[in-house]
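# A look at the structure
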Amino acid sequence: SEASAVLERFVKTYPNSAFRGEARTLLGNIRLQENAYQDAVSILTDVVDQEPDSEFVDRARVDLATAHLALGHTKSAVALLDAVVASNAPPGLRRQAYDRLIALAVRDGDVARGVGLLMDERALPDAVVDLNVIDTQLREIVAKAQDPMVLEGVVDEFPDRYPADLILLRAAQLYGGRGEAFHQERLLQRFLAAFP
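Bear in mind that the values here come from a model prediction, so they are computed numbers and not experimental data.

### Overview of the pattern of salt bridges
- What the rule picks out here adds up to eleven salt bridges.
- A salt bridge links Arg24 to Asp46, with the nearest nitrogen and oxygen atoms 3.3 Å apart. In this pair, Arg24 sits in helix H2 (residues 20-33) while Asp46 sits in helix H3 (residues 37-50), placing the two residues 22 residues apart along the sequence.
- Given the relative accessible area of 13%, Arg24 is considered buried.
- Residue Asp82 pairs with Arg113 through a salt bridge whose shortest N-O separation is 3.0 Å.

What follows is the structure in structure tokens.
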């Protein structure tokens, strides 16, 4: 509360300061921590709209997306998070954006998007991500998948590398469970050819 009061005073006293946007980003983060989501959205939207090229705008985008998610504004949140992962934001901030996007994909049962996002996150520096955690998430998403045709579409994105091996085996297992031996054998042959 003391930090909030200082930041509010700063913004009012120095409306033309070069640090105004950074101060408002910090203030928006405080509102987010206080669960004052509507206030956070108002403050952070101004930052994102008025200072799109500033060094702290990606931090504001992640916090704004978090506030939008808390208010049920998924579409707005996804657009902001997609902008962060496509930016030159620090890897730690991009990891936060990926984590939120992956959680949404899992919630919506979007296997293809979830796997794609996890593989993108996997490419971040080792100091920022834990590959064991990401691989566990990949296995969980693939294990929960129920449509082998969707899984085949995902394999096409990674034809001869991980996680195509995992996905091919799961799709073959699903076809086998349906009694579709032809498709099961076709995928197992594809697995053996791609991963000798």
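### With respect to helix H9 (residues 148-155)
- Regarding H9, the residues found buried are Pro148, Leu151, Glu152, Val154 and Val155. Considered in projection along H9, the buried side chains sweep an arc of 160° and stay on one side of the axis.
- As for H9, its buried residues are in contact with helix H7 (111-122), helix H10 (164-177) and helix H11 (181-194).
- Capping the start of H9 is the job of one residue whose side-chain oxygen sits 2.9 Å from the backbone nitrogen of Met149: Asp147.

### Points about the layout of surface pockets
- By volume, the largest pocket is sized at about 180 Å³.
- If you list the elements that add at least two residues to the lining of the largest pocket, you get helix H6 (91-108), H7 and helix H8 (131-144).
- By residue number, the principal contributor to the lining of the largest pocket is H8, which donates four residues.
- When grouped by side-chain class, the residues that make up the lining of the largest pocket number six nonpolar, three polar and three charged.

### Remarks on the side chain of His68
- Note on placement: His68 falls in helix H4 (residues 57-70).
- What His68 contacts, discounting residues up to four positions off in sequence, is Val41, His73, Ser76, Ala77 and Leu80.

Rules of the game
Residues numbered from 1 in each chain as written. Predicted model: local features only at pLDDT ≥ 70, side-chain atom pairs only at ≥ 80, totals over all residues. Heavy atoms only, no water. Salt bridge = Lys/Arg side-chain N within 4 Å of Asp/Glu carboxyl O. Helix = DSSP H or I, 4+ residues; strand = E, 2+ residues; numbered from the N terminus. Buried < 20%, exposed > 50% of the residue type's maximum accessible area, 1.4 Å probe, protein only. Arc of directions from axis to C-beta. Contact = heavy atoms within 4.5 Å. Polar contact = N/O pair within 3.5 Å; in protein donor to acceptor, adjacent residues only side chain to side chain. 1 Å grid on protein atoms, 1.4 Å probe; cavity = no way out; pocket = protein on both sides within 12 Å on 5 of 7 lines; lining within 4 Å. Points joined across faces, edges and corners; volume = space filled by probe spheres on them. Nonpolar A, V, L, I, M, F, W, Y, C, P; charged D, E, K, R; others polar.

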